[in-house]
Every structure is written in C-alpha cells, then in structure tokens.
Amino acid sequence: MISAFFIFNQKGEVLISRLYRTDLKRSIADVFRIQVVSNSDVRSPIITLGSTSFFHVRINNLYIVCVTKCNANAALVFEYCYRFISIAKSYFGKVDEESVKNNFVLIYELIDEINDFGYPQNSEIDTLKSYITTESVMSTNIAPEESSKITTQATGATSWRRGDVKYKKNEAFVDVVETVNLSMSAKGTVLRADVDGHILMRAYLSGTPECKFGLNDKIVIDKSADRGAGDAVELDDCRFHQCVRLDEFDSDRTISFVPPDGEFELMKYRSTSNVKLPLRIIPTVNEIGTTQVSYIVTVKTNFSNKLSATSVVVRIPTPLNTTTVDCKVPSGKAKYVPAENVVVWKIPRIQGQQEVTFSGTAHLTSTTTKQVWARPPIDVDFQVLMFTASGLIVRFLKVFEKSGYNSIKWVRYLTKASGTYQIRF
Amino acid sequence: MVYLFLIYYGRSKSEQINLVIPSFLQDCNDRNPLIRALAIRTMSYIPTPVVIDALTEQLRHCLKDRDPYVRKTAAICVAKLYTADPRKAEKGGFVEMLRDLLVDSNATVVSNAVAALSEIGDRQDGVIFKLNLTIANKLLSALGESSEWGQIYILDSLLRYVPERHKDAEIMAERVLIQLSHANSAVVLTAIKILLYLMNYMEDRKLMEHICKKMGPPLVTLLSSGPEVQYVALRNILLIIQRRPSVLKNDVKVFFCKYNDPIYVKLAKLEIMYRLARDENAREVLAELQEYASEVDVDFVRKAVRSIGRLAIKVSTAADSCIQALLDLIDTKVTYVVQEAVIVIKDVFRRFPGRYEGIIPKLCENLDLLDEPESKAAMVWIVGQFADKIDNADELMDDLTFNFLDEPVEVQLALLTASVKLFIYKAQSETAKALVHRVLKSATEDIDNPDLRDRGFMYWRLLAINPTVAGEIVLAEKPAITTDSDRMDRGALDQLLLHTGTLGSIYHKNPETFIRNAAGKALTDSPALNPLSRQVLVPIARPNLPPPAVRVPGPGPVEPSAQTALVEPVTTSKPSPPVLPGQPAEASGSGVDLIETASTNGGHDEDGDGEGDDDYATSPSAPITSDPYANLDSAFGAYMADEPKPHGNEQMNRLF
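Every value quoted in this text rests on a predicted model; they were computed, and no experiment measured them.

**Student:** What is the right way to read the overall build of chain A from this model?
**Tutor:** Helix and strand content of chain A: seven helices and 26 strands. By residue count, 57% of the 425 residues in chain A fall in the buried class. Here the analysis covers contacts within chain A between residues at least 6 apart in sequence; of these, 69% occur between residues at least 24 apart.

**Student:** Where do I start with the packing of aromatic side chains in this structure?
**Tutor:** Aromatic ring pairs are described here by two measures, namely the spacing of the ring centres and the angle between the planes. Taken as a whole and assessed by the stated rule, the structure comprises 23 aromatic pairs over all chains. Considering the side-chain rings of Y80 of chain A and W149 of chain B, the 6.5 Å spacing of their centres and the 70 degrees angle between planes classify their relative orientation as edge-to-face. Taken together, the positions of Y80 of chain A in helix 2 (residues 74-92) and W149 of chain B in helix 10 (residues 148-157) put the pair across two chains. W149 of chain B matches Y80 of chain A in its accessibility class, with the two residues each being buried. Among the aromatic residues, those joined into a ring-pair cluster are F6, F8, F32, F54 and Y63 of chain A. The ring of F173 of chain A carries the charged tip of R202 of chain A above its face, separated from the ring centre by 4.7 Å. Over the face of the ring belonging to F396 of chain A we find K398 of chain A, whose NZ or CZ atom lies 4.5 Å from the ring centre.

**Student:** Please clarify how the pattern of salt bridges should be interpreted in this entry.
**Tutor:** Two side chains bearing opposite charge may form a pair once their charged atoms approach each other closely. All names here are of chain B. Taken as a whole and judged by the stated rule, the model has 41 salt bridges over all chains. The residue K167 makes a salt bridge to E170 at a minimum N-O spacing of 3.7 Å. Of this pair, K167 and E170 are both found in helix 11 (residues 166-177), three residues apart, which corresponds to roughly one turn of the helix. Notably, a salt bridge pairs R302 with E340, separated by 2.9 Å at the nearest N-O pair. Residue R302 is located in helix 17 (residues 298-314), and its partner E340 is located in helix 19 (residues 335-351); the two are separated by 38 residues in the primary sequence. For R302, a relative accessible area of 16% gives the class buried. Overall, E340 belongs to the buried group, its relative accessible area being 4%. What you see here is one network of salt bridges that share partners, running through R302, R306, E340, E372 and E374.

**Student:** Hey, could you run me through helix 21 (residues 373-385) of chain B in this one?
**Tutor:** In an α-helix there are 3.6 residues to a turn, and that puts residues three or four apart on one side. Over its 13 residues, helix 21 of chain B extends 18 Å from the first C-alpha to the last, a length consistent with the 18 Å expected when each residue adds 1.5 Å. Of all 13 residues that make up helix 21 of chain B, 11 are buried, and the element is covered over most of its length.

**Student:** Honestly, the sheet that holds strand 10 (residues 210-215) of chain A in this entry has me stumped. Any pointers?
**Tutor:** Strand pairs in the sheet, formed through backbone hydrogen bonds, run parallel or antiparallel to each other. All names here are of chain A. Strand order in the open sheet made by the three strands is 14-10-24, with antiparallel pairing throughout. Each end of this open sheet is capped by a strand with a single partner; those strands are strand 14 (255-257) and strand 24 (394-400). The sheet shows a mean angle of 15 degrees between the axes of neighbouring strands, taken without regard to direction. Here strand 10 pairs with strand 14 via three bridges, running antiparallel. Directly across from K212, in strand 14, lies its bridge partner S256.

**Student:** Can you help me understand the interface of chain A and chain B in this one?
**Tutor:** How big an interface is tends to be expressed through the accessible area that disappears when the partners come together. Across the contact, 90 residues belong to chain A and 96 residues belong to chain B. Where chain A abuts chain B, roughly 8,300 Å² becomes buried across the two surfaces, and 56% of that area is made up of carbon and sulfur atoms. Our count for the contact surface shared by chain A and chain B stands at seven salt bridges. K80 of chain B is paired through a salt bridge with D116 of chain A; the nearest N and O atoms lie 2.9 Å apart. Applying the counting rule to chain A against chain B returns 31 residue pairs in polar contact (both at pLDDT 80 or more). The biggest single contributor to the side of chain A that touches chain B is helix 2 of chain A, with eight residues. Each residue belonging to the side of chain A that touches chain B can be placed in one class, and the counts come to 39 nonpolar, 27 polar and 24 charged.

**Student:** How should I be thinking about the packing of helix 21 of chain B against helix 23 (residues 409-425) of chain B in this particular structure?
**Tutor:** All names here are of chain B. At a minimum axis separation of 8 Å, helix 21 and helix 23 run at an interaxial angle of 10 degrees. Of the possible angle classes, the one that applies to helix 21 and helix 23 is roughly parallel. Residue-level inspection shows P373, E374, K376, A377, V380, W381, G384 and Q385 of helix 21 in contact with helix 23, the latter providing E410, V411, A414, L415, A418, K421 and Y425. The class makeup of the residues in the contact of helix 21 with helix 23 is nine nonpolar, two polar and four charged.

**Student:** It is not clear to me how the packing of helix 24 (residues 430-445) of chain B against helix 25 (residues 450-465) of chain B should be interpreted in this structure. Could you clarify?
**Tutor:** For any two helices packed against each other, the geometry is given by the interaxial angle and the distance between the axes. All names here are of chain B. Where helix 24 meets helix 25, the axes come as close as 8 Å, and the angle between the chain directions of the two elements is 140 degrees. In terms of their interaxial angle, helix 24 and helix 25 are classed as oblique. Crossing of helix 24 over helix 25 shows left-handed handedness. Here V436, H437, L440, K441, A443 and T444 of helix 24 lie close against helix 25, whose contacting residues are R453, G456, F457, Y459, W460 and L463. In terms of residue class, the contact of helix 24 with helix 25 is built from seven nonpolar, three polar and two charged.

**Student:** How should I be thinking about the side chain of D96 of chain A in this particular structure?
**Tutor:** Relative to the assigned elements, D96 of chain A resides in the loop between helix 2 and helix 3 (97-102). In this structure the side chain of D96 of chain A is engaged in a polar contact, spanning 3.4 Å, whose partner is the side chain of K94 of chain A.

**Student:** I'm lost on unusual backbone geometry in this one. Help?
**Tutor:** Most peptide bonds take the trans form, and the phi angle of most residues other than glycine is negative. All names here are of chain A. Unusually for a residue other than glycine, N60 sits at a positive phi of about 40 degrees. Considering the arrangement of structural elements, one finds N60 in the loop between strand 4 (52-59) and strand 5 (62-68). With a relative accessible area of 43%, N60 lands in the partly exposed category.

Parameters and conventions
Residues numbered from 1 in each chain as written. Chains lettered and ligands numbered in written order. Predicted model: local features only at pLDDT ≥ 70, side-chain atom pairs only at ≥ 80, totals over all residues. Heavy atoms only, no water. Helix = DSSP H or I, 4+ residues; strand = E, 2+ residues; numbered from the N terminus. Buried < 20%, exposed > 50% of the residue type's maximum accessible area, 1.4 Å probe, protein only. Contact = heavy atoms within 4.5 Å. Phe/Tyr/Trp six-rings, centres within 6.5 Å; stacked < 30°, edge-to-face > 60°. Lys NZ or Arg CZ within 6 Å of the ring centre and 35° of its normal. Salt bridge = Lys/Arg side-chain N within 4 Å of Asp/Glu carboxyl O. Expected span 1.5 Å × (residues − 1). Pairing = 2+ DSSP bridges. Axes fitted to C-alpha atoms, helices over the stretch in contact; angles between N-to-C directions. Buried area = accessible area lost by both parts, 1.4 Å probe. Polar contact = N/O pair within 3.5 Å; in protein donor to acceptor, adjacent residues only side chain to side chain. Nonpolar A, V, L, I, M, F, W, Y, C, P; charged D, E, K, R; others polar. Parallel < 35°, antiparallel > 145°, perpendicular 65-115°, else oblique. Left-handed = near helix turned anticlockwise from the far one by under 90°.

Following this line, the structure appears as structure tokens:
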C-alpha cells in the first residue's frame, strides 16, 4: 500500500512529506524530483524504478505524489489523490502552493487521519470536519460523549451524515449538469457524441431524511433488446454516491438514499443515444496559396428560442506561422491569440434558433521548411441553462422524515462543454 | 502535531523515547476514544523495541475496545506491529484476534481487519490468509455498509476465496455485480477483478454473458474520470478485452482520442482501438488513425502509422484502403511518417504476397528519407526480396551498400541478405556479382560482429558450393505472418487479470517479476475450476525472487524439484494439471515460446532462411520469459520500446 505521501511545488521543493512506512527513506523525494519534476517529457503518471513506484497527479503547479513499494492498487492510489484534493479544497478553498504552506499543520493532521499505514480510511469531508478543525486544541473542549458520537459516525454505516442536523427551512437543490463530448469529422459526420451527466445535490434537510429520486431513465444493458417507445432516456451506465443503496437500485430501479448534509454528487451517468447537440458548427476553411487561410465558421443554435447559450467561446486554430488575422463577427468579440495559435471568439449570449457567422483571413509568413499544418480541431465551450442534451428529466424527489416536515425542492438543468466539443475541418 | 513530532523524533532518538511512554500509556486509557486511538496509532508508528513492548499489552485491550473507532485503528496497528516484529505479533496471538474481528458487527472494523490480514498474508514469511465460504459471505454482507476504501479491501480479499462449486461462484458474482455502479473507480476495477476471477469457476454460460455485458458500461464510464484513472482503466481494458472479447466489442468509438488527451492516454487508446478493430468497424478506425497521423507528437504519429499497417494485416478486407492511406502518408514526405510506413508495408508484403507489389516504385522514390536502422533495414529487405521486379535494383543496392561498414548491424545484416538475393535473381549481371563479392568480403573480413561474420561465411559457402540450391534456400517460401502472435498466452493472461487495477496490470507484467518481495498470484485449482482455465493454469512463479543481479534470464536449466513441489499440493486427488515436468516454472510457457518464435521471428526477420535465427531465440540472450509479451518483441519491433514499463534497478541504485 501507499508508503509515503508528498506534495511538491513546481520547482521540486517538498512542501509536505509524510512517510507511512519504514521501508522508504526521506531521500526518495529526490528521486522523484530528478525523474519527474525536472524532466520535461513525462509520458506517464506512474513511474517505476526498481520496485518503487511513484504515482503523481498535478494540480495548480503542485504535484501530489504517492510512493509505494508493493504492487499497489493503482486506481485506489489515484482515487486517494483525487480525494485528498477535494478534501483540501473544501477545507481551504484553493489548492495551490500558498494555501498548502499556510495550512501545513492541518494537512498533516488530515493525511494522518484519512490514511493509516498507507490504507485510506474514512475520507468523508463532513465527518472529518467534525473532529479535525482549524481551531487549535480540540481534545480539551470536546466532551467524551460527543467524541464517541464522532467515532460511531466515522465508522458507522452512514459515515457521511451527522444525526443532529437542524434547519429552519428544509430545502433540497438538485442540479443536473451535463457535459457534452463531441467529435465531428471534417465531413460533418458525428464520430462520437456522448453525454457525461452529473447530478449534484445540495441538501439542507433536518434529521435523518430518507430520499427517493426518480428520473425518466431506462438503463440499457443489452443494446440489442427491444426498445420500448416513449420519452424515456437511455442511460448506458450510472454510478452513485456511496449513500445510495445499490441493492435496491439493482432490484427495482429506485434510487433511495440518506443524503449527506450539504453539497455532494448524487450520481454520474453516461448516455450515448439520441444526444441532442445544442450547437452546430459549420466551418469552411481554405488555404489560399501558402500565404493566406480563409475562414468562414457558422454557429447555429439548435434548441428552443426561449433558451439561450451563454459564455460561448469558439477557438479556431490557425497555422503556426500566422502573423495577423482579420476577423469579422456580427456579435461578440474575436481576437487572435498568437501564443496559442488560435482565434478566440467570445460570444456572451446566443438566443435559440439563431445563427452567427465568423469570417476572417489569416495571413501567414513564408517559411523555409514546408511543415504540414496539423489542423487541430475547432473547440467550443458553452453553457445552456434548462436544457439537457440527453433529454433527462427529474421526475420526482421525495423526502421522508420521522418528523414529517415539508421540504422545498429545486431542480436546475445545465448543459455545457469545456474542451470536449471538437469539430475537425 | 505533537504526536507527529514524536514519531519522527522517536525513530531517530530511540533512547529518549522512554520518557514519553508513560504519557502514551496514560492516553491509552483516556475516556475519549479519539485520544485512545491516536495514542496507539502513534505508538505503533515508532518501531523501536521499547515502544513495541509497551504497545503489545495496550493493543490487546484496544482490539476489544467497545468503541469501533479504536478497534479499527487497532486492527491496522497489528499490521504495523507485524512489519516491525513478526515473531512477537504471532506469539502474542494478534493474528487470531484479527481473525475474530472479521466477524465484528461494525463494517469499518471488518474492512480494516481484512486489510491488515491481507498485508500479513502477502508477506512471504507471513501466515497464510485464506477464506472459506462462511467468512466470505460474512464479508460480502459487510460490503454494503463499509466505506468505499473498505469495500476495496474486502473485494480484494475475496481473491483468497476459492469456490468449490460452480453455484458458489455464481451466487457470489451476483452479489459483487451491484458494486459496478459505485462512483469510486477503484471499487469498480476491484469488483471487475473479482468477477473475472469468479468467472473461471462458473459454468452457467448465460450468467457469464450477462456479467460480461454488465462490465462494459462501467469500464467505459471510467474514461470520464481524471486522466490518471483513465490511464489505469485503459491499460486494464486492454487486458480484459483479450480475455473476454465480448465485453466491449461494440464500443470502439469511445476509444477515439480527443485532441487534448494527455499523451499516455492517447497511446493506450490507440492500442485498444487496434484490438477492437474488426471487419465492420475497420473503416471508421482507419479514418480515425489517418487523422492521428497528422498530429504533432512524434511518438503518437508513429504508433498511429504503424497501427494502420497492422490493421491491414489483421483485417484483410480493409487492406486496400489501409495501403492507400499509407501511400498518402508517404506523400507527405515527413521523415518519421515515411519511415514508419515503410516498416509496416514490409509486413504487409509478407502478409499478402503478390498483391501490392505495384507500390514498390513509390517506396524507392523515398529512399533518401530513411535514416533510421529499422526503416532502412525494412527497405533493404524489400529491395532484396523483389529484386527481380525492380529494374534498377542493382543500382539501388550499390547506393545502399556504399557505406556498408558504417551502418548499424541491423542494416548490415539486411544488406548482406539482400545482396545475396539480388545476386541470385540476377546471376548474369556483372554489377550484382561485383556487389555481392564486395559485401561478402567486407562482412567476413572487416567486421568483428560474430553474427554478421558467420552469416557472411554461410552465404559465401552456400554460393560457392551450389548456387542453385543456395537460391532455393534463400528465396524459400516464407510462412505468412498473422496477428495471432500479438495475443497473450491465455494462462499468463488469467494470471495477470488477478492483478486488475494494480501496477502489474498497467505494465502487463506479473508483480513478482519487477517488485522485490511481491507475492505472485495464480488461479487455484478446485473442482469448480472450468477445464479450459485448468489446462492453461500457470503455477505460481518461484516465491522467492533472487536479487536481480544474480538472475540469469532465459529458459536456463530449472530445478525440477521446485517445480513438482509447487504443483503437488494442488494435485493430490485430481489428475495432474497438464504442466510438463520439464517446463520451467517461471515461464509463461517457454515451451510456447519456442514454438512461437519460429513464426514471429520468421515474420520479422528478413532473411527468412531460419537456421541462424532460431538460435537466437534459445540463446541465453533471449528476453526473460516470464514476461508474457516476451515473445512479441520481434512482432512489434521497436514499437514495444514506448510501452510503459518499470525501469531497472540499476538506475535506482545509482541515484541513492
């Protein structure tokens, strides 16, 4: 299992170092620095030297590194790194060099608690916050009864929830966030279109509520089976937060759970059939001789005109030897960014059922070597509120609690793309 | 924080630690369970004899503490104690106490006890940790309540349970199946590992198919998590689809690369795309590969080009369009693209003799672009092989041999063979005669490399004694190459799949081959094991890996006694598994190795006249045979060079 845990900054200085086992020396950190941090061409997140393996995850110029000397479960190690990052985020907001330095005492306490002898332990943020606090001495001001409550929670069946939560107003917010992955070929055929959906929930509910959740879904395991008609959405796969009872879902397809307090990700799903693409991009790119490239890029919105796409950013790649680009756009702003070799076209808002067209010419300098332009794809980022590309709708959310209070439920839908909506040309 | 300080201080200044022990002991009896747990946790991190002595007594109490938090901490402490002083831990009866914790009422305690026992069980000197049906069922029922990490430990430990009846395995698989929709990718992969393991013990075809179908979607979903997890998932998928091809057979599209994927993800995806390519989807895959061939990263482009060629060899219906694609790529004149294309085209020629020879002139045009040994050797082979169809073959050869002495050995060998072939085709031509004479002379007189020199002598004598017979030998019909060789041996695959999700599955190597002290795993024979799996059963590799420096790789003499000792306990009542007594224990079938080298080596090696080459395979310089890909080296050529692999020990030692 994990033998040591390090955090490095970009220069390769060790910010945090915790050895869980005696089979490693502290000097192992130097090896990582030489092999990864100062190596400009790292081709794998896992590096094995002899029988020592280094797993690293990068975030904001930091390296989160786990070192192990055995045949560790790689997925577990990476999940642990991700989890550490999310815990750190919830404790002190941003994870960067400065925040790590400012909170190093807290981090040591945390990594000691969430990992014992290299085995990850309870890592539920909510529970951790109840006994690892930013205030100093905690053992004196917590009565033993209270701390045994903590321990039962930390080890109990519902380790993610405290029993004694109280709210004046009982509210639950459900956000359905869908990320569309698209790659379209130069001929306009869809190579791949799928939706990664997340259902995020913010629960502000008193007591220990029992929730039931319903979607217009239909889980398709066997694609060749007959498909019933109707508006049901076919989900290829879904995965749930650990609070959801998987056995009940398996037997009768109900999603029932006791939610943690506050924000969490209830489920993730994936859908590939009948993906409605909110934006259509029609590019026409011509290389005129060796000195010019002309662009005509049309963006069409493909949803009801009551909705609108916001913060649309279209990145149109240009050849490496571009000097200037003349752009003409009817709305938004377009600018050539030489550092990234793209024209960035920002449109704050496009109403549904509309289209806008970018036209421009890139001027190239003549180069001595004739290198073929790789033509990276056009990339579009956008957000569309109250629209789901998969067509998923939340049917109901029921909350049952002993005291029988009424609760207010809110549902919001959002479809977005960031760096995954690609059109080749 | 004070505790943390004490841990480090205690390790370095062991004599002063005495001073703090009393306060530790006091804390161990504190009313607050958090403090109690913290105290034993801290003590167990300091592996000095004094502390351990003080700890043992406290630990015994804590393992029976009424608070589950203390119990779960204590369970891990036992593992720590065991690492520090195995004898003491065993004498103190701690292992038995851990076993009792397996049936604890609290799921977290159970899972930590499992983790600790697995840790102890993995040690070579440790006690053997096996599960029977009752305990396994108890663990399964704790599964639902434990934390995500706990689920991983529990699932992992199920590998230690050997089903005796088909039914047991089937029921258990159904209970594990629901874990596939967990959000934590490690849980999913571990669950898949168990399912794959249990499937070896099942007989209900329908259920197995159902499981395969269920496994597909979660695997694909793993691709939407962070790039590092994607990478782990992809490397595992590569293994899984070789063993159970039905898992993802319709999903080739999800493995198409995104432009901004990290390079390691792209390379892994490429490999999977090639594996999943079939008649129906070959066109899509080819279009995608062509797209990649124009990207920026040199390695990726090379691999993409090579995949196009391999696709042509694998899916014969797509061969025409693949060749066209390769020719288009050659027109780009980008050096590395052309070189890769030439290398694969050579293989395509071998696969479809007489079908694509029309493109040879095009290849000859680009002769000047080739500057790497492998591509040059490939081109030389083509010129030699088809010398009768290339009008100016002797001119070309003359150019190529101009710097004969300065070429790398690989190219020299190819040149030598090619010039002999040329001579045989064009025995009348004066230039050819002069050429072969010159090459043979320099190969035998000016060169120190024994391979080259010997081959030179051999040809010389062949030609001297009887040129016609020489012609028959050198231009003999070559066995057609297939892509079968890039499939892993089934037994080795079964064994690797027991490591799904771990480092071993990423490198596609058994952990005991690259990690010192790592325990190998093997399927255990039982009445329920299905006959096919039993046939290819690979007994566990030697439990003790000698230090790498002493190790002599290759199928050398192997102690048959060790072999039988390993097999015997399994075979007491059953007919012995078909492991030949002479077969070395560490080989993933080095018997297979010998058979296969004939075809793979022939598939790659240019001269095709065997003899000299087959010796390489059996010579001690052959790669370590416990590597399941070992016999593929020739099939992939330099291609395997960018496979992820653990680095050797030397580098590590130098750094310290």
